[in-house]
Amino acid sequence: MAVYDYSSDYAPAAPVCEVYLGAGGDEPNFGPYSAIIDTGTDISVMPLSRLRQIGAQQVGLDRARSIWGDARAVSVYAVSLRVEHLHLRAVRVLADEQS
């Protein structure tokens with residue numbers, strides 16, 4: 001079982017790991033990037049600028065609801081993801097246009 005350090009770059013401190021990314025179906029050769037491990041979320045969110053950098057393709061539109069209850073339209077992208085020895089070729093993520 002993997003053990004991850006907490007980063008004090010966040011308040012409160014959060015567990016982080018290194019990930020490698022690629023466009024959906026491609027080898028995840030971009031990185032390493034620091035990623036927050038959030039086991040309470042329904043879907044991962046990534047900065048739109050990062051998704052563009054790795055050449056990820058938009059695969060749809062959806063609506064996302066925040067923990068405060070407000071909802072908004074969001075773009076959904078497909079990425080490949082590698083964390084340690086785990087390699088996922090088609091992961092759906094939401095684009096964050098504000099970070």
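The structure we're discussing is the one just above.
Conventions used here
Residues numbered from 1 in each chain as written. Predicted model: local features only at pLDDT ≥ 70, side-chain atom pairs only at ≥ 80, totals over all residues. Heavy atoms only, no water. Helix = DSSP H or I, 4+ residues; strand = E, 2+ residues; numbered from the N terminus. Buried < 20%, exposed > 50% of the residue type's maximum accessible area, 1.4 Å probe, protein only. Contact = heavy atoms within 4.5 Å. Areas by Shrake-Rupley, 256 points an atom, 1.4 Å probe, with all protein chains shown as cover. Lys, Arg positive; Asp, Glu negative; His and termini not counted. Charge placed at Lys NZ, Arg CZ, Asp CG, Glu CD. Core = buried A, V, L, I, M, F, W, Y, C linked by side-chain atoms within 4.5 Å. Phe/Tyr/Trp six-rings, centres within 6.5 Å; stacked < 30°, edge-to-face > 60°. Lys NZ or Arg CZ within 6 Å of the ring centre and 35° of its normal.

S.K.: Describe the overall build of the protein chain, and please don't skip the residues or the numbers.
M.R.: Looking only at helices and strands, the protein chain features one helix and seven strands. Traced from its N-terminal end to its C-terminal end, the protein chain shows the element sequence β-β-β-β-α-β-β-β. Here the C-alpha coordinates of the protein chain stretch approximately 35 × 35 × 20 Å along the principal axes. A buried classification covers 30% of the 99 residues belonging to the protein chain. A sequence separation of at least 24 residues applies to 43% of the contacts in the protein chain between residues at least 6 apart. Carbon and sulfur atoms provide 50% of the accessible area of the protein chain, an area that totals close to 7000 Å². Computing the positive centroid from 8 side-chain charges and the negative centroid from 12, the protein chain places the two 8 Å apart.

S.K.: Describe the nonpolar core, listing the residues and the values that go with them.
M.R.: Formed by 16 residues in total, the largest nonpolar core has its most connected members in Val19, Leu21, Leu51, Tyr77, Val79 and Val93. Elements that contribute at least two residues to this core include exactly β2 (14-23), α1 (48-53), β6 (71-83) and β7 (86-96). Among all residues touching Tyr77, those that are not within four sequence positions of it are Leu48, Leu51, Ala56, Gln57, Gln58, Val59, Val91, Arg92, Val93 and Ala95.

S.K.: So, the packing of aromatic side chains: which residues are in play, and what are the values?
M.R.: If you walk through the whole model with that rule in mind, you get zero aromatic pairs. We note Arg82 situated over the ring of Tyr20; from NZ or CZ to the ring centre the distance is 4.5 Å.

So yeah, pure geometry; function would need other evidence.
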